Amino acid sequence: MLSAFNFNPQRIGIDLGTANTIVFLENHGIITREPSVVSKNMVTEEIIAVGKQAYEMIGRTPENIETLRPMKDGVIADYPTTTAMLKYFIQSTVGKSFFKPTVMICVPSGITDVEKRAVLDATKYAGAKEAYVIEEPFAAAVGAGLPVQEPTGSMILDIGGGTTDVAAISLGGIVTSRSIRIGGDKLNEAIIQYVRKKHNLLIGDRTAEDVKINLGAADSRYAEQYGTMNVRGRDMVSGLPRTIELGAVEVCEAMAENISQILQTIKEVLELMPPEISADIIDHGIVITGGGAMLRNLADRIMEETQVPSFIAQEPLDCVALGTGMILANPSLMKKRSI
């Protein structure tokens with residue numbers, strides 16, 4: 001983060017995700033990558049910690065302190081806490097400045113006007129001079145280096161913490177898109193529920209995230225090779241701590257329904273696009289971005305289900321933030337695509 005006294009107005013792109021917030025600063029690139037988590041004293045309303053520090057407190061706070069994730073399914077669920085979190089990220093990015101920054105925030109393609117207005121208002125209240133919103137799949141496509149302004153079709157699959165966005169893009173615009181509120185968080189929830197039902201063991205979000213990272217795969221046929229891991233939690237019968245051995249095949253089984261819904265959404269977008277765009281997609285393939293792109297065998301599973309080549313972007317976690325920064329630096333594209 002930057003702390004030098006700054007006399008020049010800055011332009012900032014923010015990927016305000018359900019799980020993580022990534023900040024892009026003009027002329028500096030990505031400078032912040034932290035969890036979208038806030039710790040708050042519920043008695044005094046004081047913000048105790050934001051980002052990584054707050055994430056470390058999850059499940060370990062006393063009764064008067066609550067650790068919150070103010071974003072849910074890609075939109076604001078807790079307005080005051082989201083504003084405080086944005087203020088923290090903006091101030092820690094630009095330091096002390098006489099000028100308020102221009103900020104562009106990414107939002108899911110299926111966001112409503114009310115949800116969009118909440119994001120804009122929160123950003124301005126947090127210290128932005130001007131605030132704009134941009135659809136996540138379009139920003140992800142720009143950040144992935146796709147030829148979004150050319151007369152050729154490109155397809156992007158962006159799997160975030162709260163939402164999955166699928167879009168076909170051509171000539172600087174979204175031709176067709178779908179957004180579903182399934183992402184990394186839903187996969188974690190599915191793992192928690194599976195372990196609870198099958199093993200009578202209660203585990204937390206952080207444990208489920210570790211399980212997903214270490215054992216998760218999109219295709220159960222290849223899951224066995226990823227082995228097993230010890231998972232600790234609370235026995236639901238005795239109430240005592242217990243350790244079980246969980247296998248990758250079980251984790252695939254837990255996530256299967258959500259993965260199927262993502263695949264169905266991809267097929268819906270493919271079915272809706274014009275034939276010319278379809279031909280371009282077959283040539284260029286589907287590009288996968290977001291944290292969900294890291295799920296093993298995902299690209300191969302998509303290719304098998306759709307018969308369309310699928311690839312993981314070079315920097316899948318950063319594509320949305322990078323694209324936002326590039327759009328901010330391109331006035332014509334910014335004017336055309338800001339919503």
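Residues numbered from 1 in each chain as written. Predicted model: local features only at pLDDT ≥ 70, side-chain atom pairs only at ≥ 80, totals over all residues. Heavy atoms only, no water.

A. Structural view of the side chain of N41. Along the chain, N41 falls in strand β4 (residues 38-41). Engagement of the side chain of N41 in a polar contact is seen with the backbone nitrogen of V43, the distance being 2.9 Å. Apart from residues no more than four positions distant in its own chain, N41 is found in contact with E46, I48, N64 and I65. (Helix = DSSP H or I, 4+ residues; strand = E, 2+ residues; numbered from the N terminus. Polar contact = N/O pair within 3.5 Å; in protein donor to acceptor, adjacent residues only side chain to side chain. Contact = heavy atoms within 4.5 Å.)

B. Broad picture of the domain arrangement of the chain. Segmentation of the chain into domains returns domain 1 (11-138 + 320-336), domain 2 (146-182 + 259-316) and domain 3 (184-255). Each of domain 2 and domain 3 has a C-alpha centre, and these two points are 28 Å apart. Listed as interface residues are 11 residues of domain 2 and, on the opposing side, 15 residues of domain 3. Counting the surface lost from both domain 2 and domain 3, the interface buries some 1200 Å², and carbon and sulfur atoms represent 50% of this. Broken down residue by residue, the surface that domain 2 buries against domain 3 is led by L295, R296 and N297, which jointly contribute 48%. Taking the shortest distance from any N to any O, the salt bridge between E304 and R221 comes out at 2.6 Å. One can count 11 residue pairs in polar contact (both at pLDDT 80 or more) joining domain 2 with domain 3. For the side of domain 2 that touches domain 3, the leading source of residues is helix α9 (residues 298-306), giving three residues. (Domains from an automatic or database assignment. Buried area = accessible area lost by both parts, 1.4 Å probe. Salt bridge = Lys/Arg side-chain N within 4 Å of Asp/Glu carboxyl O.)

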